[in-house]
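What follows is the residue order along each chain.
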Amino acid sequence: MSAAPATDPPVAEGAISQLLRPIRGRLIVAAILAGLGTALTLLPLAAIAYLAGLALDPADGGVWALGSTAHVWPVIAGSLACLMLGMILVSLGEMLAHLLDNQITSHLRLAITRRLGKVPLGWFTARASGEVKQAMQDDVDTLHSLTAHFYTTVGRSLGAVSFATVYLFATDWRMAVISLLPFPLFFLFVSRATRASSANMQAFGAGMARINNAVVEFVNGITVVKSFGIEGKAQANYREAVDGFALAFEDFARPLVSAMANAHALITPVVVLGIVLAFGTLFTWLGWIEAIDLLPFVLVAPSLCAPLLLLSYITHDLHNATGAALRIQQLLATPELARPTAAAIDLPARTELQVQNLSYSYDGETPVLSNIDLTLRPGTVTAVVGPSGAGKSTLARLLLRFFDPDTGRITLGGVDLRQIDSTQLYRHIGFVLQDVRLIHASLRDNIALGRASASLDEIEQAARLANVHERIIALPRGYDSVVGEDAQLSGGELQRVSIARAMLLDPAVLVLDEATAAADAENEVHIQQALSRFAQGRTVLVIAHRLDTVMHADHIILIDHGSIQEQGTHAQLLATGGRYARLWQAGDYPNTELAEHGRC
Ligand code: ATP
């Protein structure tokens, strides 16, 4: 029994009907085909009952005269034709529904991909890739039961019920009422049972979430748990969550299980047949109906069980599909990054990056950066220093347009970043960030990500500059090694690969956010030298945690609590005798005031 997420029905229905809008009309056609087909496949049962009536009626000469009765063969031929046509229509309906399912699946995946291509890059840093995978893969798959099966199952059930109702009521209304009674009773019991257990649904969902959290906590902290020998405590959390869930599950399942079992038993063919025969015998004894006229009820009523049971199962799946549809809708409604309104702009190669009166907050309330003004001049290196949490990385992300500032603006060559197409922007601005992201591809492709046309010589040259070439050629497949498969690289090595990628791109502006954070001391020196060579003639912003690595920068900015506290060259800042000077004089930068909050 799977958990059905609690959803607000009108919102959920809206989400489903919006998602299915492109195929809704054709889904209804599929349902009509399946419904008509099912009704046609049941017609031979009426023919059998009719022929049996003829065969057993002495007035018509009985079974021996059946072959010579004029309309018998057309009835047989007609019912066989109906059976064949019915099966063809049902197959066509099912095939159409599956084709539409394929169509909507690819339509939704493309729509999500297109949307994700337009959302701010900062949106991804705040999210686990699992969330996107859930919507793109799992949720789209969950919709399968809705598109490929639900509509046709409804069609088949309606077809069967309509045929049975008309035919059986035309035969004898009293027997029709008795024979069809188990079916509405079944739905009544199911809806009562569902309502009774839905009161405990929230506790069920919360119990499930507690287990998930306990598992994630346990797995994520396994190294800490093992090294501190607290396995017992970590397992106790999990055990408590499981015990809590078991109780919630019992409350949820108790009213459901027995009621559902009774309801399902009510519409098994043998029970329906038993009811028809018991009441049929009684009605015959009362003289209300001829025994031969019971045949239509014996044949048709049990045949309703299969489609209606299927309908009840698929309705249960519908709860999951509803939750999936809502999550897909939410992803498709993710706000997009504003797109340039003007035509593509020709940016000068050597270009100035200017930040004017910039403020930004992640939550729309607490400002992380306020009133920032700064200019990165071509051919100069600007260093940003400050304590952990001061807003340095946020500034770097805004310069890369991972998101837009709340107030103020950033211009490149005098043009607002919002007016520059992202492809053009990232040709001009290269970056190396703290958290390195490589794609699941060869090292060659990873380095050439921004310039697919680069030759192997150029790729190797960039890797040499970034001090990672020797490491790559030491791998069994060298530059063809695939990241995460046969290229298991350390944090420092991954960072050097991303530096090589930025170098190959040869951008006019370079943003380095603690680009050597994951390198060891020896490598850091090599990378610093490579970056210094590479930085010449470019507009560079470097975020650093050690003052000695930025003392030669053309301009140094000290940020704290989201605003610029001091700025100037190393000499100017020392001469002012402010905070920077105190830190420098303290000498041991990592132990200074700036580092009190963590590593800078
Ligand atoms: P560090 O030197 O430790 O990297 P930093 O100076 O680069 O720190 P930022 O990463 O810019 O600081 O963070 C500034 C503030 O913004 C911090 O309070 C941080 O908690 C918050 N912050 C950073 N990223 C996000 C995010 N994606 N969503 C919400 N708040 C964030």
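Residues numbered from 1 in each chain as written. Predicted model: local features only at pLDDT ≥ 70, side-chain atom pairs only at ≥ 80, totals over all residues. Heavy atoms only, no water.

(A) Inspection of helix α20 (residues 491-505) at higher detail. Taking 1.5 Å of rise per residue, 15 residues should cover 21 Å, and α20 covers 21 Å from first to last C-alpha, within 8% of that figure. The buried fraction of α20 is high, at 13 of 15 residues. Remark: Asp-506 follows α20 within two positions and exhibits a positive phi of approximately 55°. (Helix = DSSP H or I, 4+ residues; strand = E, 2+ residues; numbered from the N terminus. Expected span 1.5 Å × (residues − 1). Buried < 20%, exposed > 50% of the residue type's maximum accessible area, 1.4 Å probe, protein only.)

(B) Here's a closer look at the site of the ligand. Around the ligand lies a shell of 14 residues, among which Ser-388, Gly-389, Lys-392, Ser-393 and Thr-394 are the nearest. For the ligand, an oxygen atom lies 3.0 Å from a polar atom in the backbone of Gly-391. Contact distances for the ligand include 2.8 Å between an oxygen atom and a backbone N or O atom of Ser-393. Taking 630 Å² as the accessible area of the ligand by itself, protein coverage stands at 64%. Classifying every residue of the shell around the ligand gives four nonpolar, six polar and four charged. (Near = heavy atom within 4 Å. Polar contact = N/O pair within 3.5 Å; in protein donor to acceptor, adjacent residues only side chain to side chain. Areas by Shrake-Rupley, 256 points an atom, 1.4 Å probe, with all protein chains shown as cover. Nonpolar A, V, L, I, M, F, W, Y, C, P; charged D, E, K, R; others polar.)

(C) Main features of unusual backbone geometry. You will see that Arg-401, though not glycine, has its phi angle at about 55°, which is positive. Looking at where Arg-401 falls in the secondary structure, it is placed in the loop between α15 (392-399) and β4 (407-412). With phi around 50°, His-561 is a residue other than glycine that occupies positive phi space. Tracing the backbone through its elements, the reader meets His-561 in the loop between β9 (555-560) and β10 (563-568).

(D) Summary view of the pairing of strand β3 (residues 381-385). Taken across its five residues, β3 has four buried, putting it largely inside the fold. Relative to β9, β3 runs parallel, the two being bridged by four bridges. Pairing of Thr-382 across the sheet is with His-555, part of β9. (Pairing = 2+ DSSP bridges.)

(E) Highlighting the side chain of Ser-79. With respect to the helices, strands and loops of the structure, Ser-79 is situated in helix α3 (residues 72-116). Note on Ser-79: relative accessible area 11%, which makes it buried. Once you skip the residues sitting within four places of it in the chain, Ser-79 turns out to touch Pro-44 and Ala-47. (Contact = heavy atoms within 4.5 Å.)

(F) Quick look at the sheet that holds β10. In space, the six strands of this open sheet follow the order β6-β7-β8-β3-β9-β10, with mixed pairing throughout. Each end of this open sheet is capped by a strand with a single partner; those strands are β6 (429-432) and β10. Pairs of neighbouring strands in the sheet enclose a mean axial angle of 15°, with direction left out of account. In terms of strand pairing, strand β7 (residues 509-513) meets strand β8 (residues 539-543) through five bridges, oriented parallel. Considered in β8, the bridge of Val-509 is made with Thr-539. Along the sheet, α15 contacts β3, β6, β7, β8 and β9; its crossing angle with β8, the most-contacted strand, is approximately 150°. (Axes fitted to C-alpha atoms, helices over the stretch in contact; angles between N-to-C directions.)

(G) Just the pairing of β4, in detail. Direction of pairing for strand β1 (residues 353-360) relative to β4: antiparallel, over a ladder of five bridges. Counterpart to Leu-353 in the pairing with β4 is Leu-412. Where β4 lies against strand β5 (residues 415-416), two bridges are found, and the strand directions are antiparallel. Across the sheet, Leu-412 pairs through a bridge with Val-415, a residue of β5.

(H) Representation of the sheet that holds β4 in the model. Spatially, four strands are ordered β2-β1-β4-β5 in an open sheet, and the strand pairing comes out antiparallel. For this open sheet the edge positions go to β2 (369-376) and β5, each flanked by a neighbour on one side alone. α15 contacts β1, β2 and β4 of the sheet and is inclined by roughly 60° relative to β2.

(I) Examining the nonpolar core more closely. By size, the foremost hydrophobic cluster in this structure holds 60 residues, and its most contacted members are Leu-20, Leu-143, Leu-146, Leu-168 and Phe-183. The biggest single contributor to this core is helix α14 (residues 305-332), with eleven residues. The residues contacting Leu-143, other than those within four sequence positions of it, are Leu-19, Asp-101, Leu-108, Ala-321, Ala-325 and Ile-328. Membership of the second largest hydrophobic core comes to 43 residues, among which are Ile-447, Ala-515, Ala-553 and Tyr-580. (Core = buried A, V, L, I, M, F, W, Y, C linked by side-chain atoms within 4.5 Å.)

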